[in-house]
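Secondary and tertiary structure notes
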Amino acid sequence: MALPPPETSGAAGHDGPALAAAIARWGRELGFQEIGIADTELSVAEAHLQRWLAAGRHGDMHYMARHGTARARPAELVPGTIRVISVRMNYWPGAAAAPEAVLHDPARAYVARYALGRDYHKVLRTRLQRLVERIAGEVGDFGHRVFTDSGPVLEVALAAKAGLGWRGKHTLLLTRDAGSYFFLGEIYTNLPLPVSPPVADHCGTCTACIAACPTGAIVAPYELDARRCISYLTIELAGPIPEPLRPLVGNRIYGCDDCQLACPWNRFAQATGEPDLAAVRHGLDGATLAELFAWTEAEFAVRMEGSAIRRIGYERWSRNLAVALGNAPPTAEARAALARRADDPSPLVREHVTWAIQRSEVRGQGSATPASPVAARQAPLDPPGTAG
């Protein structure tokens, strides 16, 4: 649906800078740590997106190409858009188990820190809608559409244009005072607001994130090959995880934080003040792989209600856990957990369980080859049985 022309909105006659300052103030009152305003000119980001898609680095995320140029042209996606209000909200769960401790304990499951609490889509969308209501209370009805990682939006490029930070070499948004542990949201609008000034890139010569990536997915500064990214492999990919990458997944069963954990700017990350994001659900900040693999599909559905994890479904959840158990120490508990699901009704899960059992047996004999991200960069990514 197209937004009405700016002159028909209630903002006509309002002082633009004063309204922009008020929006920033209201946003902070609603729990956003920073609010900025961008125009809709994204030609540089569009060119980068097209090169990325042409190189096939989006893998099976076909939705990335589905909307054509509209992803990089807000006024094509939502006609009438002339400005984008961009916001960020911290998500770091300060009371959760230390991520390094979990990553260094291969019997425990690592879940990306953003997914430990309530589904962020719901938290941000509710808060953005309240911001819309505050604006409407001041200017009257105005054209808008809210996005929370829920549509074809180049949210990092827009946030950078809105002065919220800069794109780091790991491709995430960075700020000097809060690192990168935050969510982004947008309001596309027809309000003729003044734009915020951008901030400079402060990555300098640092390449810590590139060196830290377990699978070598950051193939160059500011260049991510999603097909090798553990977040893609454990969340977006519906089929088999390529065998060369499975040992490198380690105990990461949902997403990956390694590039962020290595970033010096995250020394300044701030814990979230949102109870829904701070509260860790079902001990997911350090549960054992065996106990999670024992969940039934019904238990998964109930326990993941209201969580971002639920969208991957029980099958992918089980696939990921099978890989992690194959990477875990070949204990009696790990072997028993795998054996109980050797005849899983899902062919996808069965294949990964078989791989994990075989890997556990080899590792038990002390003959497994150590996983290497350097070798993974050269490895074919075809799933088993599909290489031509």
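Presented here is a report on the structure given in the accompanying data block.

1. A short note on unusual backbone geometry
Residues other than glycine predominantly adopt negative phi, and peptide bonds predominantly adopt the trans conformation. Backbone geometry places T171, a non-glycine residue, at a positive phi of 85°. What makes T171 buried here is its relative accessible area of 14%. Phi is positive for H282, close to 55°, though the residue is something other than glycine. Inspection of the secondary structure assignment puts H282 in the loop between helix 12 (275–278) and helix 13 (289–293).

2. Overview of the sheet that holds strand 4 (residues 144–147)
Taken in spatial order, the 4 strands make up an open sheet running 1-2-7-4, and their pairing is antiparallel. A strand with exactly one partner marks an edge of an open sheet, and here the two such strands are strand 1 (34–38) and strand 4. Ignoring strand direction, the axes of neighbouring strands in this sheet form an average angle of 20°. Strand direction decides the pairing type here: strand 1 and strand 2 (residues 83–90), joined by 5 bridges, are antiparallel. Looking at strand 2, one finds that I35 is bridged to V87.

3. Points about the packing of helix 1 (residues 16–29) against helix 6 (residues 120–139)
Their axes nearest at 10 Å, the elements helix 1 and helix 6 cross at an angle of 145°. The element helix 1 and its partner helix 6 pack so that their crossing is right-handed. Residues L19, I23, W26, G27 and E29 of helix 1 lie in contact with helix 6, whose contacting residues are L131, R134, I135, E138 and V139. Counted by class, the contact of helix 1 with helix 6 contains 6 nonpolar, 1 polar and 3 charged residues.

4. Thoughts on the side chain of R127
Examined against the element boundaries, R127 turns out to sit in helix 6. By relative accessible area, which is 14% here, R127 ends up buried. Among the polar contacts made by the side chain of R127, one reaches the side chain of E274 at a distance of 2.8 Å. Sequence-distant contacts of R127, defined by excluding residues within four places in its chain, comprise L30, G31, F32, M89 and E274.

5. Brief notes about the packing of helix 15 (residues 313–327) against helix 17 (residues 347–364)
As a packed pair, helix 15 and helix 17 sit with axes 7 Å apart at the nearest point and diverge in direction by 10°. Comparing their axes, helix 17 and helix 15 come out roughly parallel. Between helix 15 and helix 17, the residues in contact are E315, S318, R319, A322, V323, G326 and N327 and L348, V349, H352, V353, W355, A356, R359, S360 and R363, respectively. Of the residues that constitute the contact of helix 15 with helix 17, the class distribution is 7 nonpolar, 5 polar and 4 charged.

6. Considerations on helix 15
Taking 1.5 Å of rise per residue, the 15 residues of helix 15 would be expected to cover 21 Å, and the 22 Å separating its terminal C-alpha atoms lies within 8% of that figure. Counting buried positions along helix 15 yields 13 of 15 residues, so the element is predominantly enclosed.

7. Side note on the pattern of salt bridges
Tallied over the entire structure, the rule returns 17 salt bridges. E274 is the salt-bridge partner of R127, the closest N and O atoms lying 2.8 Å from each other. Of this pair, R127 sits in helix 6 while E274 sits in the loop between helix 11 (258–261) and helix 12, and the two are 147 residues apart along the sequence. Comparing R127 with E274 shows no difference in burial state: the two are buried. Connected via shared salt-bridge partners are E34, R88 and D177.

8. Comments concerning helix 1
Each α-helix turn comprises 3.6 residues. Residues three or four places apart therefore point the same way. The end-to-end C-alpha distance of helix 1 is 20 Å, a good match for the 20 Å that 14 residues give at a rise of 1.5 Å each. Among the residues making up helix 1, those that are buried are G16, L19, A20, A22, I23, A24, W26 and G27. Residues of helix 1 that are buried make contact with strand 1, strand 2 and helix 6. One side-chain oxygen at the N-terminal end of helix 1 lies 2.8 Å from the backbone nitrogen of A18; it belongs to D15. Following helix 1 by one or two positions, G31 adopts a phi angle in the positive range, close to 105°.

Conventions we followed
- Residues numbered from 1 in each chain as written.
- Predicted model: local features only at pLDDT ≥ 70, side-chain atom pairs only at ≥ 80, totals over all residues.
- Heavy atoms only, no water.
- Buried < 20%, exposed > 50% of the residue type's maximum accessible area, 1.4 Å probe, protein only.
- Helix = DSSP H or I, 4+ residues; strand = E, 2+ residues; numbered from the N terminus.
- Pairing = 2+ DSSP bridges.
- Axes fitted to C-alpha atoms, helices over the stretch in contact; angles between N-to-C directions.
- Left-handed = near helix turned anticlockwise from the far one by under 90°.
- Contact = heavy atoms within 4.5 Å.
- Nonpolar A, V, L, I, M, F, W, Y, C, P; charged D, E, K, R; others polar.
- Polar contact = N/O pair within 3.5 Å; in protein donor to acceptor, adjacent residues only side chain to side chain.
- Parallel < 35°, antiparallel > 145°, perpendicular 65-115°, else oblique.
- Expected span 1.5 Å × (residues − 1).
- Salt bridge = Lys/Arg side-chain N within 4 Å of Asp/Glu carboxyl O.

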